Amino acid sequence: MAENCQGNAGVRLKPAFFPNNLPVVFSADDFYAPVLGVLIKSICETRSFDMGYDLIILHGGLAPNRIAALLQVVQGYDNVSLRFVNVSMYVQEQNLYKANRSDLSKEAYYRLLIPDLFPRYEKMLYLDCDMIAVEDISAIFDVDMGDCCIAAVRDSYSFRSVLTEKDKIQKNAGSQEILQATLAHRYFNSGLVLFDLRRIRREIDFGLLWKTAMAKPWPYHDQDVLNHVFAGCVHFLHCRWNFCDVILLDKKSADFPQEIKDELSEAAASPGIVHYLFPCRKPWQNATKYSIAYFWPVAVRSSFYDELLGRQLKFAEEIIIVKTRKGADETLSQFTHEEDTKDNVNQLTAYEISLSQQRLILQSMLQNKELEYRLRGKTEEDARRRLALLGLTDGNVDKIRRVTPKRILSFEISICGHCNMKCRGCAHFAPLVKEDYADFPETDRAFTRLGQLFNGEAESIHLLGGEPLLHPQINDFMKSVRRHFPVGRIELVTNGLMLPNMEDSFWNTCRENKIQVSVTKYPVEFDYIAVQALAAYHGVVFGYYNNSDLTEVTFNRLPLDLSGAQDPDNSFLNCYLANTCITLKNGRLFPCSIAPNMAYFAERFGGLDASREDSIDIFHARDKEEILEFLSLPFPLCRYCDSVKRIPFEQWGTSKCEIEEWTL
Ligand code: SF4
Ligand code: SF4
């Protein structure tokens, strides 16, 4: 779901989901958009399946390509919506104080607009861009805020600074009130704020936050404004929900009350949200413990990885230049924070290690055990093969993904080879299939085996076809797959034509087993809105396949080269289906959805010699690692695909079952 609202459109926004809507607001400019993209990805990956995540970005004119890239992040997540609100018309910049922070942008103040912008919402969570969700954020909405207007996390860093540098702070802060709040450790960090908008609208005047911001130069900007206006009306959350990436429990924190020390220790061991608060500790600047553990493993799976990595490399270059010019000691004081002073454990060594990691990031994926997307070769030779396939300097993340074993399984299964439509060039060759039903007992056995191997957890499972609803035992398949995979998103992917005639038992099975019905829209006469309403009537989660409610008028066609003369490594590396559309068929897993269905083509037209090397037998595989390893490498059938000549926008049409529909 996407909307790019201008002007007062924020006011018009209605909750994206009903019920269980979780609205989260961010603000970003073009520079922070990639960082926000990573945060959004982390929210998507940790989300709960029962809630709707209503994400809204406030901006002052994001570039169209940034908006498109951010929308891409949420694609495929059925219960996540992302919308944009341009607030430039509300913002008079001239009185917003930024002079004491060169890196501060006007977007930092946008959070102050939230109570006035969204009259149709009751609660909203604001998050800074430079955060990572380690856990599902829905738990934050569950807190009992009592009579408080907002919930937030104590700013322990400011508290510690006040304890150790009272005089300096008092002089700089210029606000006795905020200093007092800090001393009483009631000063909160504004990176995460849960607003009770209903209460706020009752208790403070329209526009008050913004007017307060404009009234004087607040040293800590929006944060001071929020602390000033909501003083005494704040519910404090456990600091694991806004855990700052700085080691606070050192000798300077000796005077912290014991309960704060305990909370910080718990947060450090198990953060819910990590906040990369300080300028020189941003993940795209330095490889710190918390960025390696939490930020980069998500970033590497996002489309922003190359850009963020480039920033990190550039920053590394700059540090080296400064080091050479000024000498190590000066460099350290310039690029480290006060708690990272020279007398702390060998900071210089730490920086040198991080620099080498940054410079050789591809190689470090091999060595650095913290990075999830390291290229996990079982032997050095395997690893070299993968790197050779990639070309060390390529940096193409998609290629890295294809030859990197997955951590969690995603797979699809064709329940019915045939279909009630005949789309030209159908990627599953359905128009060529007269009748082919998956065998239920055999499939049940396969689900049982996979469920055991993967501890009942899958990232996503698609039941599709052909047309899966043609199978008379569709309900049995759905019950079985959920029984063996209690954790994971399961979708029934259909062209939808049969949905109006499905029995109640079908809808009940979908609902009870938390299976989403995902319809692919084709340019045919059919009332898609009516089936959407029908699903809603039965309480079944409904979506359009690939999160797109656009009618599918174009096809991606991957042409076959019947000569078998393609280089399998090259085809696999350039194939968007490879190690992505993993398919289960007859107790075997294939790395893509084309290979298992090529037999239909071969039956009709001949050619395409398949072998047992093209798939892995799940009953004979030693463990899940062997399976995931197999799926991440090219296989013989890839020699029939010219994936570089893929035709991305072929017009949709009816199949005449001619060989040219699938060949070069
Ligand atoms: S509806 Fe889907 S499965 Fe059926 S023919 Fe069209 S593309 Fe193939
Ligand atoms: S067989 Fe073809 S579609 Fe499948 S992974 Fe290889 S190149 Fe891609």
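Just so we're clear, the structure is a prediction, and the values are computed from it rather than from any experiment.

Trainee: Please set out the site of ligand 1 residue by residue, giving values where relevant.
Mentor: Ligand 1 sits among eight residues. The nearest are Cys419, Met421, Cys423, Cys426 and Tyr522. The residue inventory of the shell around ligand 1, partitioned by class, reads six nonpolar, two polar and no charged.

Trainee: Could you give me a rundown of helix α3 (residues 64–74), with the residues and numbers involved?
Mentor: Buried within α3 are the following residues: Arg66, Ile67, Ala69, Leu70, Val73 and Val74. Buried positions in α3, seen along its axis, are confined to an arc of 165° and lie on one side of it. Seen from the open side of α3, the exposed residues pointing more than 90 degrees away from its buried face are Pro64 and Asn65. Remark: glycine 76 follows α3 within two positions and exhibits a positive phi of approximately 90°.

Trainee: Please provide a residue-by-residue account of the packing of helix α10 (residues 208–215) against helix α11 (residues 221–229), values included.
Mentor: One way to put it is that α10 packs onto α11 with a least axis distance of 10 Å and a crossing angle of 120°. Judged by the inter-axis angle, α10 sits oblique to α11. The chirality of how α10 crosses α11 is right-handed. Listed contacts from α11 to Leu208, Leu209, Thr212 and Ala213 of α10 are Val225, Leu226, His228 and Val229.

Trainee: Break down the site of ligand 2 for me, with residues and values.
Mentor: Neighbouring ligand 2 are the residues Leu558, Ser571, Cys575, Ala578, Cys592, Ile594, Phe635, Cys638 and Cys641. Here the residues of the shell around ligand 2 are counted per class, giving eight nonpolar, one polar and no charged.

Trainee: Summarise the nonpolar core; cite the residues concerned and give the values.
Mentor: Formed by 62 residues in total, the largest nonpolar core has its most connected members in Phe26, Ile40, Ile57 and Leu127. Broken down by element, this core gets its largest block of residues, eight residues, from helix α2 (residues 33–46). Ignoring anything within four residues of it in the chain, the contact list for isoleucine 57 reads Phe26, Ala28, Leu36, Ile40, Leu62, Leu70, Leu82, Arg83, Phe84 and Val85.

Trainee: Go over the sheet that holds strand β16 (residues 542–544) with me, naming the residues and quoting the values.
Mentor: Sheet architecture is open: eight strands sit in the order β16-β15-β14-β13-β12-β18-β19-β20, paired in mixed fashion. A single partner strand is all that each edge strand has here, and the edge strands are β16 and β20 (616–617). Here three bridges tie strand β18 (residues 583–585) to strand β19 (residues 588–590), and the two strands are oriented antiparallel to one another. Counterpart to leucine 584 in the pairing with β19 is leucine 589. Its contacts with the sheet place helix α20 (residues 440–453) against β12 (410–416), β13 (457–465), β18 and β19, and it is angled at close to 170° to β12. Sitting on the sheet, helix α21 (residues 474–484) is in contact with β12, β13, β14 (487–494) and β15 (515–519), with an inclination near 160° to β14.

Trainee: Describe the pattern of salt bridges, and please don't skip the residues or the numbers.
Mentor: All chains considered together, the criterion is met by 17 salt bridges. When the shortest N-O distance is used, the salt bridge between lysine 41 and glutamate 45 registers 3.5 Å. One end of the pair, lysine 41, and the other, glutamate 45, are both in helix α2, four residues apart, so they sit about a helical turn from each other. Accessibility expressed as a relative area gives 11% for lysine 41, which makes it buried. When the shortest N-O distance is used, the salt bridge between aspartate 128 and arginine 111 registers 3.1 Å. Here arginine 111 lies in the loop between β4 (80–86) and α4 (114–117) and aspartate 128 lies in the loop between β5 (123–127) and β6 (131–133), a separation of 17 residues in the sequence. Judged on exposure class, the residue aspartate 128 and its partner arginine 111 are both buried. Connected via shared salt-bridge partners are Arg111, Asp128 and Asp222.

Trainee: For the packing of aromatic side chains, give the residues involved together with the corresponding values.
Mentor: Two aromatic rings, taken as a pair, are described by how far apart their centres are and by the angle between their planes. The tally for this structure, following the rule as stated, stands at 15 aromatic pairs. Where phenylalanine 118 meets tyrosine 121, the ring centres are 5.8 Å apart and the plane angle is 85°; that geometry is what we call edge-to-face. Of the residues examined, phenylalanine 118 reaches a relative accessible area of 0% and is grouped as buried. Cluster of aromatic residues (ring-pair linked, three or more members): Phe429, Phe601, Phe605 and Trp662.

Trainee: Explain the side chain of arginine 199 to me, and be specific about the residues and the numbers.
Mentor: Secondary-structure assignment places arginine 199 in helix α9 (residues 197–203). By relative accessible area, which is 15% here, arginine 199 ends up buried.

Calculation criteria
- Residues numbered from 1 in each chain as written.
- Chains lettered and ligands numbered in written order.
- Predicted model: local features only at pLDDT ≥ 70, side-chain atom pairs only at ≥ 80, totals over all residues.
- Heavy atoms only, no water.
- Near = heavy atom within 4 Å.
- Nonpolar A, V, L, I, M, F, W, Y, C, P; charged D, E, K, R; others polar.
- Buried < 20%, exposed > 50% of the residue type's maximum accessible area, 1.4 Å probe, protein only.
- Helix = DSSP H or I, 4+ residues; strand = E, 2+ residues; numbered from the N terminus.
- Arc of directions from axis to C-beta.
- Axes fitted to C-alpha atoms, helices over the stretch in contact; angles between N-to-C directions.
- Parallel < 35°, antiparallel > 145°, perpendicular 65-115°, else oblique.
- Left-handed = near helix turned anticlockwise from the far one by under 90°.
- Contact = heavy atoms within 4.5 Å.
- Core = buried A, V, L, I, M, F, W, Y, C linked by side-chain atoms within 4.5 Å.
- Pairing = 2+ DSSP bridges.
- Salt bridge = Lys/Arg side-chain N within 4 Å of Asp/Glu carboxyl O.
- Phe/Tyr/Trp six-rings, centres within 6.5 Å; stacked < 30°, edge-to-face > 60°.

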